[in-house]
Amino acid sequence: AQSVAQPEDQVNVAEGNPLTVKCTYSVSGNPYLFWYVQYPNRGLQFLLKYITGDNLVKGSYGFEAEFNKSQTSFHLKKPSALVSDSALYFCAVRDSNTGGFKTIFGAGTRLFVKA
Amino acid sequence: DTEVTQTPKHLVMGMTNKKSLKCEQHMGHRAMYWYKQKAKKPPELMFVYSYEKLSINESVPSRFSPECPNSSLLNLHLHALQPEDSALYLCASSQGEIQGVRETQYFGPGTRLLVL
């Protein structure tokens, strides 16, 4: 079965410092991995995805993620955090067993960026 | 344009009411989804429509009734809901092509539902 784990409920970082939000996955077959962000009382916004190719994926708002096959990880990173990055972040994998219709989300990590 | 719109933004209903949530996209996507999200939890899939046909029903109670009148519209009809159904209801869409696993899902802002 496909699954993703976000080991941290919350990440705190000071503005201007680099941030990392961790995600590990377990899939049968090729992994198709996504990161979404959710601001309070809003829907999910797509940040980036890994399908194939370069292990470093660049996305929206200066975010990037590094795919590591040997460690089965897909950590989200940003070189310099902004207060406005404070939000709930979800890592997700598409379930290839259902034609890709099902998205399996991690539990979410709340990011707090302090000024 | 990667916009999915949802109406209403907020809805308060009694347990005997009938109401509907509406979702619309004009990206030419052929897969549309309903999710339920409780506070600080990940979204839970409820229904998937592919080419206007119900493809996945995640054992959702019959008090929730989805409808896809055309490729741009998705409705969720609500009847006799329970207080525990209070949540944020999210609509999403994706291209719906064969390589579905590669597709990005685009989410609407959601309808916040409160059942009294």
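Refer to the preceding data block for the structure.
Summary of the structure given here.

Quick notes on the rules
Residues numbered from 1 in each chain as written. Chains lettered and ligands numbered in written order. Predicted model: local features only at pLDDT ≥ 70, side-chain atom pairs only at ≥ 80, totals over all residues. Heavy atoms only, no water. Disulfide = S-S within 2.5 Å. Helix = DSSP H or I, 4+ residues; strand = E, 2+ residues; numbered from the N terminus. Buried < 20%, exposed > 50% of the residue type's maximum accessible area, 1.4 Å probe, protein only. Pairing = 2+ DSSP bridges. 1 Å grid on protein atoms, 1.4 Å probe; cavity = no way out; pocket = protein on both sides within 12 Å on 5 of 7 lines; lining within 4 Å. Points joined across faces, edges and corners; volume = space filled by probe spheres on them. Axes fitted to C-alpha atoms, helices over the stretch in contact; angles between N-to-C directions. Salt bridge = Lys/Arg side-chain N within 4 Å of Asp/Glu carboxyl O. Phe/Tyr/Trp six-rings, centres within 6.5 Å; stacked < 30°, edge-to-face > 60°. Contact = heavy atoms within 4.5 Å. Buried area = accessible area lost by both parts, 1.4 Å probe. Polar contact = N/O pair within 3.5 Å; in protein donor to acceptor, adjacent residues only side chain to side chain. Nonpolar A, V, L, I, M, F, W, Y, C, P; charged D, E, K, R; others polar.

## A closer look at the state of the cysteines
Reasoning step 1: Within the structure shown, the criterion is met by two disulfides over all chains.
Reasoning step 2: Sulfur-sulfur distance for the disulfide between cysteine 23 of chain A and cysteine 91 of chain A comes to 2.0 Å. Between cysteine 23 of chain A and cysteine 91 of chain A, the S-S torsion sits near -60°, and that sign places the bridge as left-handed. Taken together, the positions of cysteine 23 of chain A in the loop between β3 (19–21) and β4 (24–26) and cysteine 91 of chain A in strand β10 (residues 87–95) put the pair 68 residues apart, joining distant regions of the chain.
Reasoning step 3: The class of cysteine 91 of chain A is buried, set by a relative accessible area of 0%.
Reasoning step 4: Here cysteine 23 of chain B connects covalently by a disulfide to cysteine 91 of chain B, the sulfurs 1.9 Å from one another. Sign of the S-S torsion, about -70° for the bond between cysteine 23 of chain B and cysteine 91 of chain B, identifies this disulfide as left-handed. Here the residue cysteine 23 of chain B occupies a position in strand β3 (residues 18–25), and cysteine 91 of chain B occupies one in strand β9 (residues 87–94), the gap between them amounting to 68 residues.
Reasoning step 5: Free cysteine: cysteine 68 of chain B, not disulfide-bonded; nearest cysteine sulfur from cysteine 23 of chain B at 9.2 Å.
Reasoning step 6: A relative accessible area of 12% places cysteine 68 of chain B in the buried class.

## Considerations on the pairing of strand β6 (residues 44–50) of chain A
Along any regular strand, the residues point their side chains to alternate faces of the sheet.
Residue and element names in this part refer to chain A.
Reasoning step 1: For strand β5 (residues 33–38) and β6, the ladder comprises six bridges, and the chain directions are antiparallel. The residue bridging leucine 33 from the neighbouring strand is tyrosine 50, located in β6.
Reasoning step 2: Remark: five residues form the turn of the hairpin made by β5 and β6, two consecutive strands paired antiparallel; asparagine 41 in that turn has positive phi of roughly 60°.

## Comments concerning the layout of surface pockets
Reasoning step 1: Approximately 310 Å³ is the volume found for the second largest pocket.
Reasoning step 2: Pro40, Asn41, Leu88 and Arg110 of chain A together with Lys40 of chain B are the residues nearest the centre of the second largest pocket, which is lined by 18 residues in total.

## Structural notes on the sheet that holds strand β1 (residues 4–7) of chain B
Residues and elements named next belong to chain B.
Reasoning step 1: With antiparallel pairing, four strands are arranged side by side in an open sheet as β1-β3-β8-β7. Only two strands of the sheet have a single partner each, and these edge strands are β1 and β7 (64–70). Across the sheet, the mean angle separating the axes of adjacent strands is 20° when strand polarity is ignored.

## Focus: the pattern of salt bridges
Reasoning step 1: For the structure on display, the rule yields six salt bridges over all chains.
Reasoning step 2: Across the salt bridge formed by aspartate 85 of chain A and lysine 78 of chain A, the nearest N and O atoms sit 2.8 Å from each other.
Reasoning step 3: With a relative accessible area of 8%, lysine 78 of chain A lands in the buried category.
Reasoning step 4: Salt-bridge contacts for aspartate 85 of chain B lead to arginine 63 of chain B; the nearest nitrogen and oxygen are separated by 2.7 Å. Placement of aspartate 85 of chain B in the loop between β8 (73–79) and β9 and of arginine 63 of chain B in the loop between β6 (53–57) and β7 is noted, with a sequence separation of 22 residues between them.

## Examining the packing of aromatic side chains
Residues and elements named next belong to chain A.
Reasoning step 1: According to the stated counting rule, one finds 16 aromatic pairs over all chains in the structure shown.
Reasoning step 2: Geometrically, the ring pair formed by tyrosine 25 and phenylalanine 67 is stacked, given 5.9 Å between the ring centres and 20° between the ring planes. Placement of tyrosine 25 in strand β4 and of phenylalanine 67 in strand β8 (residues 64–68) is noted, with a sequence separation of 42 residues between them.
Reasoning step 3: The class of tyrosine 25 is buried, set by a relative accessible area of 8%.
Reasoning step 4: Judged by relative accessible area, which is 6%, phenylalanine 67 ranks as buried.
Reasoning step 5: Note on tyrosine 36 and phenylalanine 46: the rings are 6.0 Å apart at their centroids and 65° apart in plane angle, and the pair reads as edge-to-face. Of this pair, tyrosine 36 sits in strand β5 while phenylalanine 46 sits in strand β6; the two residues are 10 residues apart in sequence, bridging distant segments of the chain.

## Let's talk about the interface of chain B and chain A
Reasoning step 1: Of the residues lining the interface, 26 residues belong to chain B; the matching set on chain A comes to 26 residues.
Reasoning step 2: Together chain B and chain A conceal approximately 2,100 Å² of surface at their shared face, both sides included; 57% is due to carbon and sulfur atoms.
Reasoning step 3: Counting across the chain B and chain A interface gives one salt bridge.
Reasoning step 4: Lysine 102 of chain A is paired through a salt bridge with glutamate 58 of chain B; the nearest N and O atoms lie 3.1 Å apart.
Reasoning step 5: Taken together, the links from chain B to chain A amount to nine residue pairs in polar contact (both at pLDDT 80 or more).
Reasoning step 6: No other element matches strand β4 (residues 31–37) of chain B, which puts four residues into the side of chain B that touches chain A.
Reasoning step 7: When its residues are assigned to classes, the side of chain B that touches chain A shows 13 nonpolar, seven polar and six charged.

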